[in-house]
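Here is what each chain is made of, one letter per residue.
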Amino acid sequence: MADAGRQSFTDKAASTVKPNSEKSLTEQMGDSLKGTADSIASTVQPQSEKSTTQKMGDSISGNSNENQDSMIDKAKNALGMQK
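None of these values were measured; they are calculated from a predicted model.

Definitions and cut-offs
- Residues numbered from 1 in each chain as written.
- Predicted model: local features only at pLDDT ≥ 70, side-chain atom pairs only at ≥ 80, totals over all residues.
- Heavy atoms only, no water.
- Helix = DSSP H or I, 4+ residues; strand = E, 2+ residues; numbered from the N terminus.
- Buried < 20%, exposed > 50% of the residue type's maximum accessible area, 1.4 Å probe, protein only.
- Contact = heavy atoms within 4.5 Å.
- Salt bridge = Lys/Arg side-chain N within 4 Å of Asp/Glu carboxyl O.
- Expected span 1.5 Å × (residues − 1).
- Arc of directions from axis to C-beta.

Caption draft 1: Layout of the overall build of the protein chain. Check the secondary structure of the protein chain and you find 4 helices and 0 strands. Along the protein chain, helices and strands appear, N-terminal first, in the series α-α-α-α. Residues counted as buried form 22% of the 83 residues belonging to the protein chain. In the protein chain, of all internal contacts separated by at least 6 residues, the share reaching a separation of at least 24 is 57%.

Right, here's the structure in full:
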């Protein structure tokens, strides 16, 4: 379960699984805004205040803000899918 004020893990998974080529412009913009808001929330929230599941979710989704591709992005790149 995601911490309060953070994007749920199921929302992240759903937006990641569906390729951008199959999304409407509105859907792509929504995903982008949600992702940016969640990234900001990840940066602002101190690690010491994050739940264990939120820490794990951040590391999987790449919200550790270390300018590295997330594990999901690496998998999509390996499969030739768009980010």
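Caption draft 2: Structural context of the environment of Met56. Tracing the backbone through its elements, the reader meets Met56 in helix α3 (residues 52-61). On the basis of relative accessibility, which here comes to 47%, the residue Met56 falls in the partly exposed class. As a C-alpha pair, Met56 and Ala2 span 54 residues in sequence and 10.0 Å in three-dimensional space.

Caption draft 3: Here's a closer look at the pattern of salt bridges. Taken as a whole, this structure holds 6 salt bridges when the rule is applied. Note that Asp31 is salt-bridged to Lys23, the shortest N-O span being 2.5 Å. Among the residues examined, Lys23 registers a relative accessible area of 10% and is labelled buried. Across the pair Lys50 and Asp58 runs a salt bridge whose closest N-O atoms are separated by 2.8 Å. The exposure class of Lys50 is buried, given its relative accessible area of 6%. Assessed through its relative accessible area of 3%, Asp58 is described here as buried. One network of salt bridges, in which partners are shared, links Arg6, Lys12, Asp38, Lys50 and Asp58.

Caption draft 4: Inspection of helix α2 (residues 25-44) at higher detail. Taking 1.5 Å of rise per residue, the 20 residues of α2 would be expected to cover 28 Å, and the 29 Å separating its terminal C-alpha atoms lies within 8% of that figure. All of the buried residues in α2 are Asp38, Ala41 and Ser42. Projected down its long axis, α2 shows its buried positions confined to an angular sector of 100 degrees, all on one face. Residues of α2 that are exposed and point more than 90 degrees away from the buried face comprise Leu25, Leu33, Ile40, Thr43 and Val44.

Caption draft 5: A look at α3. Every buried residue of α3 is accounted for by Gln54, Gly57 and Asp58. Looking straight down α3, one finds that the buried residues subtend no more than 100 degrees of arc, so they occupy a single side. Residues of α3 that are buried in the fold lie against α1 (9-17) and α2.

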